[in-house]
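# Understanding the architecture of this molecule
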Amino acid sequence: MPNHPAEPFRIKMVESIQLKSKEARKEAMIKAGYNLFTVPAEDVYIDLLTDSGTGAMSQNQWASIMLGDESYAGATSYYKLEEVIQKIFGFSHFVPTHQGRAAENILSSILIKPGSYIPSNMHFDTTDANIRAQGGRPENLVIDDAFDIDKILPFKGNMDVVKLEYFINEKGPENIPFGCITITNNAGGGQPVSLENIKAVSKIYRKYNIPFFIDACRFAENSYFIKMREKGYASRSPLEIAQEIFSLADGTFMSAKKDAIVNIGGFLAMNDNKLFQDVCNALILREGFPTYGGLAGRDLEALATGLMEGLQEDYLAYRIQQTAYLAKKTKEAGVPIIEPPGGHAVYLDAGTLLPQIPQSEFPGQALTAALYLEGGIRGVEIGSVMFAHPDPESGEIIYPNLELVRLAIPRRVYTQSHLDYVVKILVKIFTQRESYRGYKLTYSPELLRHFTARFEPL
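The structure contained in this document is the topic of the report that follows.

Parameters at a glance
Residues numbered from 1 in each chain as written. Predicted model: local features only at pLDDT ≥ 70, side-chain atom pairs only at ≥ 80, totals over all residues. Heavy atoms only, no water. Helix = DSSP H or I, 4+ residues; strand = E, 2+ residues; numbered from the N terminus. Rg over C-alpha atoms; globule rule 2.2 N^0.38 Å. Buried < 20%, exposed > 50% of the residue type's maximum accessible area, 1.4 Å probe, protein only. Contact = heavy atoms within 4.5 Å. Areas by Shrake-Rupley, 256 points an atom, 1.4 Å probe, with all protein chains shown as cover. Lys, Arg positive; Asp, Glu negative; His and termini not counted. Charge placed at Lys NZ, Arg CZ, Asp CG, Glu CD. 1 Å grid on protein atoms, 1.4 Å probe; cavity = no way out; pocket = protein on both sides within 12 Å on 5 of 7 lines; lining within 4 Å. Points joined across faces, edges and corners; volume = space filled by probe spheres on them. Axes fitted to C-alpha atoms, helices over the stretch in contact; angles between N-to-C directions. Parallel < 35°, antiparallel > 145°, perpendicular 65-115°, else oblique. Nonpolar A, V, L, I, M, F, W, Y, C, P; charged D, E, K, R; others polar. Left-handed = near helix turned anticlockwise from the far one by under 90°. Core = buried A, V, L, I, M, F, W, Y, C linked by side-chain atoms within 4.5 Å.

### Quick look at the overall build of the protein
Across its full length, the protein holds 17 helices and 16 strands. Scaling as 2.2 N^0.38, a compact globule of 458 residues should have a C-alpha radius of gyration of about 23 Å, and the protein matches this with 21 Å. By its C-alpha atoms, the protein is 60 × 55 × 45 Å across when sized along the principal axes. In the protein, which comprises 458 residues, the share counted as buried stands at 59%. Of all intrachain contacts in the protein linking residues separated by at least 6 positions in sequence, the fraction that spans at least 24 positions is 73%. About 18,600 Å² of surface is accessible on the protein, with carbon and sulfur atoms providing 51% of the total. For the protein, the centre of its 46 positive side-chain charges and the centre of its 54 negative side-chain charges are spaced 3 Å apart.

Take a look at the structure:
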């Protein structure tokens with residue numbers, strides 16, 4: 001089992017954090033409607049809400065910012081990013097966006113019509129919502145073992161290719177404007193996808209002439225897992241593995257706030273010339289001119305540098321082992337988690353930890369509230385708040401298979417003592433787990449309700 005790894009960097013700048021009193025935390029939660037998204041960051045001690053845009057940039061990234069060309073059109077910073085994206089991903093065209101959901105929105109608005117179906121292993125929240133917003137139906141076709149939290153598999157994020165082909169034949173390829181796969185599988189525990197599986201998925205999509213897009217938000221972590229776990233790839237670099245992955249697809253969209261270790265940024269890439277022109281037209285309307293896409297030149301520079309840094313093997317080894325350390329300590333505390341640990345987060349099984357709370361009363365929400373109230377720790381619910389939806393035909397609420405709380409570790413931010421503190425609070429919650437009760441919604445928007453919903457304890 002892993003020990004905490006030595007950081008492959010030195011700390012040059014620090015940011016002060018403060019653990020507020022329990023009374024102050026209670027007041028903050030009441031004011032926020034018990035939604036951790038609306039708790040001010042200064043009231044949070046250890047912030048594991050997300051690894052998106054929360055990493056610490058390197059000295060080279062900060063230096064790159066000073067080179068940013070802020071020209072409106074044709075900035076040199078754009079061409080530098082273009083060179084890096086071509087090197088890693090290999091697609092004919094790309095546009096920058098301010099973050100991943102903007103790329104999803106543009107792709108969905110162009111290709112999806114009411115009644116369209118979009119298969120994937122598992123869609124995460126903004127992808128799911130962007131598909132639904134256009135009248136489409138997201139479909140999750142991950143392998144069944146993904147829902148067995150204790151089962152140890154090297155690639156638990158794989159798509160079930162038998163299910164995929166059956167789904168295509170059932171719905172008709174003409175009703176599937178594009179297909180996806182998410183690497184790593186965030187909604188299912190940050191689990192990686194094998195290259196063997198990506199090849200099989202690509203073969204099926206191409207058999208039915210369905211464009212294949214990869215959600216690439218954590219592609220570098222996925223590439224490292226392939227290197228470590230898949231036969232025949234031990235001698236390959238993460239960059240070489242990534243190049244092979246994306247050669248199997250027709251395009252990709254990425255929230256670069258994850259594996260590119262930037263605070264803002266994303267992109268959409270593709271090979272199809274006609275689609276690229278449509279994307280450029282939509283981008284100008286929503287984000288900006290195609291050579292800046294909602295980003296400043298300095299952001300384009302930091303992104304170009306960060307994409308390559310995110311593929312460095314010493315960094316990836318540290319990143320994966322840090323997550324494994326937190327997972328090991330959490331399991332030792334008695335708290336059930338999805339195993340094996342993924343790359344960017346530890347996923348607590350709230351449904352098993354708090355069996356007295358039914359899905360309709362949001363056990364994941366109860367656990368996130370407990371983490372904050374007991375220790376000032378902010379995580380995120382990935383369960384019925386995020387993913388329960390009414391069936392479009394019957395109106396019956398469809399609940400997700402898992403009730404999770406994700407503790408996402410920001411890149412290059414927290415040390416071993418921070419993680420040990422998280423475990424200390426988890427031990428406290430575990431010993432008094434029977435005392436926790438559920439929550440009810442007092443406000444809920446139709447889509448992406450977890451960001452702005454409000455709750456009351458039952």
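### Brief notes about the layout of surface pockets
Considered as a void within the structure, the largest pocket measures approximately 1,500 Å³ in volume. What lines the largest pocket is a set of 37 residues, and nearest its centre among them are Met13, Ala56, Met57, Arg412 and Val413. Elements represented by at least two residues in the lining of the largest pocket include exactly α2 (59-65) and α12 (313-332). A volume near 630 Å³ is recorded for the second largest pocket. For the second largest pocket, the lining is made up of 27 residues, of which Arg132, Asn140, Phe387, Ile398 and Pro400 are closest to its centre. Taken together, the elements giving at least two residues each to the lining of the second largest pocket come down to α5 (125-133), β4 (137-140) and β12 (389-390).

### Quick look at the packing of helix α8 (residues 219-229) against α12
The contact between α8 and α12 brings their axes to 10 Å, and the two run at 90°. Judged by the angle between their axes, α8 and α12 are roughly perpendicular. Two secondary-structure elements touch here, α8 through Ala220, Glu221, Tyr224, Phe225 and Lys227 and α12 through Glu313, Leu316, Ala317, Arg319 and Ile320. Looking at the contact of α8 with α12 residue by residue, the classes come out as six nonpolar, no polar and four charged.

### Side note on the packing of helix α6 (residues 161-171) against helix α7 (residues 195-207)
Relative to each other, α6 and α7 sit at 15°, their axes nearing to 10 Å. Between α6 and α7, the angle is such that the two are roughly parallel. Like other packed secondary-structure pairs, α6 and α7 cross with a definite hand, here right-handed. Packed against α6, whose contacting residues are Val161, Leu164, Glu165 and Ile168, the element α7 presents Asn197, Ala200, Val201, Ile204, Tyr205 and Lys207 at the interface. Grouping the amino acids of the contact of α6 with α7 by side-chain chemistry returns seven nonpolar, one polar and two charged.

### As for the nonpolar core
Core analysis: the largest hydrophobic core is formed by 63 residues, its most contacted members being Ile88, Phe89, Ile214, Phe219, Ile245, Phe246 and Leu307. In this structure, Ile245 is in contact with Ile183, Leu195, Ile198, Ile214, Asn222, Ser223 and Ile226, ignoring residues within four places of it in sequence. Counting residues in each nonpolar core, the second largest holds 46 residues, with Ala32, Ile46, Leu371 and Tyr421 among its members.

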